[in-house]
Amino acid sequence: MAIGAAISHRNFTSPITSGKIYQLEQVTAHQGAEKLSFSYAQYVHRNTYSENIHSLKKIYFVSGYMTMNTISSHGLDPVAGNALRSRAMILYAGENKKFHMTNHRQRVKGICRCSVSLPSESYNWIKPVQLKNTSISNSQTLQPRVSSDGGASEVVLIGETKPWWEQFPKRWVIVLLCFSAFLLCNMDRVNMSIAILPMSKEFNWNSATVGLIQSSFFWGYLLTQIVGGIWADKIGGKQVLGFGVIWWSIATVLTPIAAKIGLPFLLVMRAFMGIGEGVAMPAMNNILSKWIPVSERSRSLALVYSGMYLGSVIGLAFSPILIQKFAWPSVFYSFGSLGSLWFAFWLSKAHSSPGEDPELSEEEKKHILGGSIAKEPVTSIPWKLILSKAPVWALIVSHFCHNWGTFILLTWMPTYYNQVLKFNLTESGLLCVLPWLTMAVFANIGGWIADTLVSRGVSVTNVRKIMQSIGFLGPAFFLTQLSHVKTPAMAVLCMACSQGSDAFSQSGLYSNHQDIGPRYAGVLLGLSNTAGVLAGVFGTAATGYILQNGSWDDVFKVAVVLYIIGTLVWNLFSTGEKILD
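Fair warning: this is a prediction, and the values are worked out from it, not measured in the lab.

A. Here's a closer look at the overall build of the chain. Looking only at helices and strands, one finds 20 helices and ten strands in the chain. Within the span of the chain, comprising 581 residues, buried residues form 56% of the whole. Partitioning the intrachain contacts of the chain with sequence separation of at least 6 by distance along the chain shows that 80% fall at a separation of at least 24. Carbon together with sulfur atoms contributes 62% to the accessible area of the chain, which is approximately 25000 Å² in total.

B. Highlighting the packing of helix α19 (residues 521–549) against helix α20 (residues 552–573). The geometry of α19 relative to α20 is characterised by a closest axis approach of 8 Å and an angle of 140 degrees between their N-to-C directions. Judged by the angle between their axes, α19 and α20 are oblique. Taken as a pair, α19 and α20 cross one another with a handedness that is right-handed. Listed contacts from α20 to Thr543, Ile546 and Leu547 of α19 are Trp552, Asp554 and Val555. Here the contact of α19 with α20 is built from residues that sort into four nonpolar, one polar and one charged.

C. Focus on the confidence of the model for the chain. For the chain, the average pLDDT comes to 74, and 69% of its residues sit at 70 or higher. Note that pLDDT drops below 50 for residues 1–159; the model gives that stretch 295 contacts with residues more than four away or on any other chain.

D. Structural view of the nonpolar core. By size, the foremost hydrophobic cluster in this structure holds 118 residues, and its most contacted members are Phe182, Met199, Leu241, Tyr305, Tyr309, Tyr416 and Phe556. Top contributing element to this core by residue count: helix α4 (residues 170–203), with 19 residues. Mapped onto the domain boundaries, this core takes at least three residues apiece from domain 1 (167–374) and domain 2 (382–580). Residues in contact with Phe182, not counting those within four places in the same chain, are Ala280, Met281, Met284, Val304, Tyr305, Gly307 and Met308.

Calculation rules
- Residues numbered from 1 in each chain as written.
- Predicted model: local features only at pLDDT ≥ 70, side-chain atom pairs only at ≥ 80, totals over all residues.
- Heavy atoms only, no water.
- Helix = DSSP H or I, 4+ residues; strand = E, 2+ residues; numbered from the N terminus.
- Buried < 20%, exposed > 50% of the residue type's maximum accessible area, 1.4 Å probe, protein only.
- Contact = heavy atoms within 4.5 Å.
- Areas by Shrake-Rupley, 256 points an atom, 1.4 Å probe, with all protein chains shown as cover.
- Axes fitted to C-alpha atoms, helices over the stretch in contact; angles between N-to-C directions.
- Parallel < 35°, antiparallel > 145°, perpendicular 65-115°, else oblique.
- Left-handed = near helix turned anticlockwise from the far one by under 90°.
- Nonpolar A, V, L, I, M, F, W, Y, C, P; charged D, E, K, R; others polar.
- pLDDT = per-residue confidence, 0-100.
- Core = buried A, V, L, I, M, F, W, Y, C linked by side-chain atoms within 4.5 Å.
- Domains from an automatic or database assignment.

Shown next, in the form of structure tokens:
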């Protein structure tokens, strides 16, 4: 759609004097098309009429609807296509008089015209001049046209707007790309929890061996948490996250080959996969700390992490189908190949920071930075300072407590459904979808609630404590109910409620790294997630050992105790204030 503006001077015999005059404190600028009108008018009186228009101070726009004998402006929102209306007045300081201005914008053959009319008796000296390569707020170059008709002169600026997908905020493009990366991350991770059932039968593995295989992923995952954070903070998250996706995708494709060669090769390949996925969270945290303002932090992180949950949904739902139709290796081949498609989009669309994106508009850049100046990349990590802060240790301990329960459910849930609830392979995979789908929904609900509370004046510290307390105590409560339920349906419901309340953690501890140290967000997440990975390694392996000597009730009791410890530590020592700069 073409957008333009025409500033016209015509020979009217008298000014328009009817209509309501608004006081300065009553007028506010509207958005959309009205902002365009405002910027055009400012440009005209600053450049075209610079020799005599020094007495023109400002043009004010007031939201309203056109009525008879009032000053009006018609606008067409270039994005939504909604009619916008406003009243306007023009204030002259020299004579201390108020004059009305009509500002009409109409869509004619794809051109949006904007006219400013003034009485000719007093202001017949105004002469339009041709403008050259004028740019407006969305960085489009306008092509000027000058016309004259019977004493009326007109300057028309015509420019092409971008399609809606190009006008989509760049920061949310980054969020969606991170979302899709995490979608692939968990698709490639959870497929083993389904494929391990036919694989254990084919290769004659016992529960201890299955636990060893499941935990081998975390060996590599543990190695790259801090390294990935340092790497992302120093050279940028784009390169690190891109490397991670390609690395783990290749490891996923090679998993069936390694399994057929022998158990040691499978363990190494799962560890290699963990190396790639280990850099993902620190790199993502680094990117979003630069791209997302604090007012959108919770919801953006919730959306990205919900990609992990939806990845689990897709992986758990489609893995049984692929296994039954094409055998278990097909899961790894099909899921792993998707990483190359994502990588192509990532290279062309992503940037590590707003300052590196040449297509980012100045308006969005100002919104992201919030008036602050972007700081230089980190050159050294102040380890002593970081490790001396109690809130950092609150993050580390709480992350460990949180991930113990989360990773147990992630890796052992299909086995629980199969052995305890007596569901078959397909039913186990499909019913495992429900808790993760619940997490995807409630993560985003929690994100919107958290950002709303922050925008209404609730301190970031209190918001983080509230959300994380729900993320700890909710799962603890529902896991305790599993030993009392009598039907498989109620057991699945308890699992779903446990995971749904767990998702509020995305607006708690998972958002806190960017709160307390945005410049070191990658390193901070690497530190705390290292503790979380240790919980995954020990928890997953310990679960296999507990099941050989105990019951599932014992597995859930350990998780509940750690949830309670995490709640206490988090509420005593965490903060939402910046402590590292």
